[in-house]
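# Report on the structure
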Amino acid sequence: MNAVQRGEFIEGATVIRPAESQDSAVAAGLVFLSGPAAFEHIFGSGHGPDIRDFLKAEFAKPATMFSHRHHFVYEQDGQLIATIGGFDKPSHDATLMGNAKAIFSQYGWRGIVKGLVFELRLVKPPRKGCYYLCHIAVDPQWRGKGIAAQLIDFMTVRAQGLGYSTLSLDVAELNIGALRLYQQMGFKLVKRNKSYNSVLDNHLYMEKTL
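Residues numbered from 1 in each chain as written. Predicted model: local features only at pLDDT ≥ 70, side-chain atom pairs only at ≥ 80, totals over all residues. Heavy atoms only, no water.

### Here's the deal with unusual backbone geometry
Even without glycine at this site, Asp77 takes up a positive phi of about 55°. Note on placement: Asp77 falls in the loop between strand S3 (71-76) and strand S4 (79-87). Residue His135 is not a glycine yet carries a positive backbone phi of 50°. Assignment of secondary structure puts His135 in strand S5 (residues 130-138). (Helix = DSSP H or I, 4+ residues; strand = E, 2+ residues; numbered from the N terminus.)

### So, the nonpolar core
One recurring pattern in soluble globular proteins: nonpolar side chains tend to sit buried together. Ranked by internal contacts, the top residues of the largest apolar core, which has 30 residues, are Phe39, Phe43, Ile51, Phe54, Leu55, Phe66 and Phe118. Membership of the second largest hydrophobic core comes to 28 residues, among which are Ile81, Leu133, Leu167 and Leu179. (Core = buried A, V, L, I, M, F, W, Y, C linked by side-chain atoms within 4.5 Å. Buried < 20%, exposed > 50% of the residue type's maximum accessible area, 1.4 Å probe, protein only.)

### Let's talk about the packing of helix H4 (residues 51-60) against helix H6 (residues 96-121)
At a closest axis distance of 12 Å, the pairing of H4 and H6 adopts a crossing angle of 150°. One element, H4, and the other, H6, form an angle in the roughly antiparallel class. Viewed along their axes, H4 and H6 form a crossing whose handedness is right-handed. Note on element contacts: H6 touches H4 through Ala102, Ile103, Gln106 and Tyr107, opposite Ile51, Phe54 and Glu58. For the contact of H4 with H6, a count of residues per class yields 5 nonpolar, 1 polar and 1 charged. (Axes fitted to C-alpha atoms, helices over the stretch in contact; angles between N-to-C directions. Parallel < 35°, antiparallel > 145°, perpendicular 65-115°, else oblique. Left-handed = near helix turned anticlockwise from the far one by under 90°. Contact = heavy atoms within 4.5 Å. Nonpolar A, V, L, I, M, F, W, Y, C, P; charged D, E, K, R; others polar.)

### Structural notes on the confidence of the model for the chain
Across the chain, the average pLDDT comes to 93, with 96% of residues at 70 or higher. Here helix H1 (residues 3-6) stands out as the least confident element of the chain, with mean pLDDT 54; S5 is the most confident, with 98. (pLDDT = per-residue confidence, 0-100.)

### Observations concerning H6
Relative to the 38 Å expected for 26 residues at 1.5 Å per residue, H6 spans just 17 Å between its end C-alpha atoms, considerably shorter than the ideal helical length. Of all the bends in H6, the greatest measures close to 130° and is centred on Tyr107. Within the span of H6, buried status applies to Gly98, Asn99, Ala102, Ile103, Tyr107, Gly108, Gly111, Ile112 and Phe118. (Expected span 1.5 Å × (residues − 1). Bend = angle between axes of the 7 residues up to and from the residue.)

### Re the pattern of salt bridges
For the structure shown, the criterion picks out 7 salt bridges. The salt bridge partner of Asp23 is Arg17, with a shortest N-O separation of 2.9 Å. Judged by its relative accessible area of 15%, Arg17 falls in the buried class. Here Glu58 makes a salt bridge to Lys61, at a shortest N to O gap of 3.7 Å. Residues participating in the shared-partner salt-bridge network are Arg17, Asp23 and Glu75. (Salt bridge = Lys/Arg side-chain N within 4 Å of Asp/Glu carboxyl O.)

Rendered as structure tokens:
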């Protein structure tokens, strides 16, 4: 098993590594930036805590899909500036009970229902044999420097080494910059999922054969 498969990449001042619980204060804010409209819709502060506080708490814990256990972070000169998450079907399914408990305890049934509808209609669970990328976010001050591409390249090599045949992700249709990047990196549109309300954008499901 090489360094990338183990979850390590170091080149000069750049480090990509598995996230740790102590990264939660910074990483939670970045995860939020990966889909602010969706997070605000599902976890509205009107019926629970601020979503950033919820993400910070869950990132530090092991049980949910927001946990550090499912994420990698990008550091430059010791500064954490980007995140990326990765799931396969078993790892995603293993978080379902933890997700439900955490969401219900903070946002009640409203949060559960909104989350289920979002997952069923816009961003669906990863399919078997596929490695799914999510929570791809770069600190606004560091954007335009190829960091997201480096993270995706890292996860591509990792997924290949672990035996996956397909890499996948979802992107909001109006996120033109991200969509252009994913297309340049070999992702192809598989399905367009139409939004079910005026708050959320249509989402594009994309795959890349490894």
